[in-house]
Every structure is written in structure tokens, then in C-alpha cells.
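Structural features, examined
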Amino acid sequence: MSHALTTYRTTIPADWVDYNGHLRDAFYLLIFSYATDALMDEIGLDEQGRAATGHTLYTLECHLNYLAEVKLGAEVEVRTQLLGCDAKRLHIHHSLHYPGEAAELAASEQMLMNIDIRQARSAPFAETVAERVRRIAREQLDLPRPLHVGRVIALPQR
């Protein structure tokens, strides 16, 4: 059975909460950033992999949807789905949840680019990384497309 990767877990600390008692906007993205770091570890771009390949990932674009309030002390987890990939890029979806619950608290669609650090430019994934990416893609092939993928920000036209 296909499943998204659980890439990050945390408990919301006091310094991440605003005057309304809710997780501050920026910390949703921080949580998703930590999940991207864990995804990098999963595909072989951890510290050792970055040193061996000279590659890293940069975020090209990020869309963030705030779907529910998250409060002080809440335990949350990020689930990550690989939506697509090519020789240099990953199209991913992170969703924030209470552990064991299906309802999304937030969603982030991201486009990531493999970068050759020495050249400071995009490069194809190293074969070892590309194989891990292909494995995840195969494992997640049957997952449904997340609801918040492909959305744009706009006011209705009159």
C-alpha cells in the first residue's frame, strides 16, 4: 500500500506561538523546511551525501496553505509526497497533521532543484540519489493527488 513519508515530528514550543495563541505563519514554513531536510536525508543528500556528490537542493518555489489553527504544545507531523521528478527537480507536497489523523493542518507544494555546489548551478542528480528518488516515486505511485496542489492566488474577476 502506498503512503506518504513521515519526514518530521515536533511539539510546538512557546516561542513559535503568536499573541493569538496560534503557531506563527513563519513557523509553518520552518516545519516544512525541516521536513525537506529529512527528505534530503532519505534520498542520499544528507551531510555525507552532499560531501560525496557536491550537490544539494534549493527551493525554487513554495506555496503554503494554512488550513487549521495549531496551538502551543500540539504534537504535529509532516507527511511528504513526491508528486513528480525529472533529472534535476523534485515536485513535492508536504502536509502537516496531528499524528495519526488524516485532516491537514497546513499544506505546502514545493519545487526543488538539484544544485552542484561547486558550479553554483543546476545539475542532474547523482545516480545513487536518482535511484532513491525513483524508488520513492514507485512507492507513491498510487497516492491520490493532494487537494491543494496547483492552486494559485487570485481574486475573482468581475
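Shown above is the structure to which this text applies.
Read on for a plain summary of the structure. It should be emphasised that the depicted structure is a prediction, and the values quoted were computed from it without experimental measurement.

**Concerning the environment of Ala126**
Within the element layout of this structure, Ala126 appears in the loop between strand E6 (121–122) and helix H3 (127–139). Spatially, the C-alpha atom of Ala126 lies 9.4 Å from that of Gly44, the residues being 82 residues apart in sequence. Ignoring sequence-local partners within four residues, the contact set of Ala126 consists of Thr53 and His55.

**Some points on the nonpolar core**
As a rule of thumb, nonpolar side chains are buried together in soluble globular proteins. Of all hydrophobic cores here, the largest spans 17 residues; its most connected members are Ile12, Leu23, Ile31, Val70, Val76 and Leu96. Those elements giving two or more residues to this core turn out to be helix H1 (25–43) and strand E3 (75–85). Element by element, the count of residues in this core is highest for H1, at 5 residues. Each residue touching Ile31, except ones within four places of it in the same chain, is listed here: Tyr8, Thr10, Ile12, Trp16, Leu23, Val76, Val78 and Leu96. Among the nonpolar cores identified, the runner-up in size contains 15 residues, and Leu45, Phe125, Ala130 and Val133 belong to it.

**Structural notes on the side chain of Thr56**
With respect to the helices and strands, Thr56 occurs in strand E2 (residues 55–66). Once residues lying within four places of it in the same chain are set aside, the contact partners of Thr56 are Met40, Leu45, Arg50, Met113, Asn114, Ile115 and Ile117.

**Examining the packing of aromatic side chains**
The tally for this structure, following the rule as stated, stands at 3 aromatic pairs. Note on Tyr8 and Tyr34: the rings are 5.3 Å apart at their centroids and 35 degrees apart in plane angle, and the pair reads as tilted. Of the two residues, Tyr8 is situated in strand E1 (residues 5–11) and Tyr34 in helix H1; the sequence distance between them amounts to 26 residues. Look at Trp16 and Phe27: their rings are 5.1 Å apart centre to centre, the planes differ by 15 degrees, and that puts the pair in the stacked class. In this pair, Trp16 is assigned in the loop between E1 and H1 and Phe27 in helix H1, connecting sequence segments 11 residues apart. Across the pair, exposure class does not vary: Trp16 and Phe27 are buried alike.

Criteria and thresholds
- All residue numbers refer to positions counted from 1 along the written sequence of the respective chain.
- Owing to the predicted nature of the model, reporting of local features is limited to residues with pLDDT of at least 70; listing and counting of side-chain atom pairs is limited to 80 or more, with chain, interface and lining totals taken over all residues.
- Note: side-chain values were computed over all heavy atoms of the structure, leaving out hydrogens and water.
- By definition, any uninterrupted DSSP run of H or I lasting at least four residues is a helix, any uninterrupted run of E lasting at least two residues is a strand, and each is numbered from the N terminus.
- When checking whether two residues touch, look at their non-hydrogen atoms; a contact exists if any pair is within 4.5 Å.
- Joining through side-chain atoms within 4.5 Å is the link that ties buried Ala, Val, Leu, Ile, Met, Phe, Trp, Tyr and Cys residues into a set, and such a set is a nonpolar core.
- Think of it in three bands: with a 1.4 Å probe and only protein chains considered, a residue is buried below 20% of the maximum accessible area for its type, exposed above 50%, and partly exposed in between.
- Classification of ring pairs rests on two measures: the distance between centres of Phe, Tyr or Trp rings, Trp counted by its six-membered ring, which must be within 6.5 Å, and the angle between planes, read as stacked under 30 degrees, edge-to-face over 60 and tilted in between.

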